[in-house]
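Structural features, examined
As a plain string of letters, each chain reads:
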Amino acid sequence: MGRKYRKPLIPEPIEVKLCEICYEEVELNRFYTLACGHGAMLECLKDYFLNLIGENKASKMTCIYPDCSIVPNDGELINIIGIDQYYRL
Ligand SMILES: [Zn+2]
Ligand SMILES: [Zn+2]
């Protein structure tokens, strides 16, 4: 029984981005970037848009950035809030 060779443990670098709504770092597969280039984690974006819909402000659904007035297109909305919610608009 000799000494076992141990591979040095190098953690895989995980690419993360900062959610601009809750300021948590999220992995890229949970992050959604809008056409304007701004993004946040998918759950936060969904909450954000569903809140607007709940307040009957669906016509004011713009980017999460207050000074960005880009309106997400239909495809983006479907990706974010889901097709069921989208058809309730
Ligand atoms: Zn977030
Ligand atoms: Zn934007």
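Scroll up to find the structure this text is about.
Residues numbered from 1 in each chain as written. Chains lettered and ligands numbered in written order. Predicted model: local features only at pLDDT ≥ 70, side-chain atom pairs only at ≥ 80, totals over all residues.

With that settled, the discussion passes to the overall build of the protein. A tally of regular secondary structure across the protein gives three helices and four strands. Listing the helices and strands of the protein from first to last along the sequence gives β-β-β-β-α-α-α. With the C-alpha coordinates of the protein rotated into their principal frame, the extents come out at 70 × 30 × 20 Å. Burial status across the protein gives 16% buried among its 89 residues. For the protein, the share of sequence-separated contacts (at least 6 apart) that also reach a separation of at least 24 residues comes to 41%. (Helix = DSSP H or I, 4+ residues; strand = E, 2+ residues; numbered from the N terminus. Buried ≥ 20, exposed ≤ 12 C-beta atoms within 10 Å, placed from the backbone. Contact = placed C-beta atoms within 7 Å.)

So, on to the environment of Ile14. Along the chain, the position of Ile14 falls in the segment before strand E1 (16–18). Residues Ile14 and Glu27, spaced 13 residues apart in sequence, show a C-alpha to C-alpha distance of 7.1 Å.

Okay, unusual backbone geometry next. A positive phi angle, near 60°, is found at Tyr23, a position not held by glycine. Turning to its location among the elements, Tyr23 is positioned in the loop between E1 and strand E2 (25–27). One non-glycine residue with positive phi stands out, namely Asn56, at about 55°. Counting through the fold element by element, Asn56 comes out in the loop between helix H1 (42–54) and helix H2 (74–81).

For H2, the complete set of buried residues consists of Leu77, Ile80 and Ile81. Looking straight down H2, one finds its buried side chains confined to an arc of 75°; they lie on one side. Two residues or fewer past H2, Gly82 is found with a positive phi of approximately 95°. (Arc of directions from axis to C-beta.)

The subject of this paragraph is H1. Helix length check: H1 (13 residues) gives 18 Å between terminal C-alpha atoms against 18 Å at 1.5 Å per residue, within 8%. Taken together, the buried positions of H1 are occupied by Cys44, Leu45 and Phe49. One face of H1 carries all of its buried residues, which in axial projection span an arc of 125°. Opposite its buried face, H1 presents the exposed residues Asn51 and Gly54, each directed more than 90 degrees away. The secondary structure elements touched by the buried residues of H1 are strand E3 (31–33), strand E4 (39–41) and H2. (Expected span 1.5 Å × (residues − 1).)

The next thing to look at is the nonpolar core. With ten residues, the main nonpolar core is built from Cys19, Tyr32, Ala40, Met41, Cys44, Leu45, Phe49, Leu77, Ile80 and Ile81. Among the secondary structure elements, those contributing two or more residues to this core are E4, H1 and H2. (Core = buried A, V, L, I, M, F, W, Y, C linked by C-beta atoms within 7 Å.)

As for its position among the elements, Arg30 is in the loop between E2 and E3. It is 12 Å that separates the C-alpha atoms of Arg30 and Lys46, two residues lying 16 residues apart in sequence. With near-sequence residues (within four places) excluded, Arg30 lies in contact with Met41 and Leu42.

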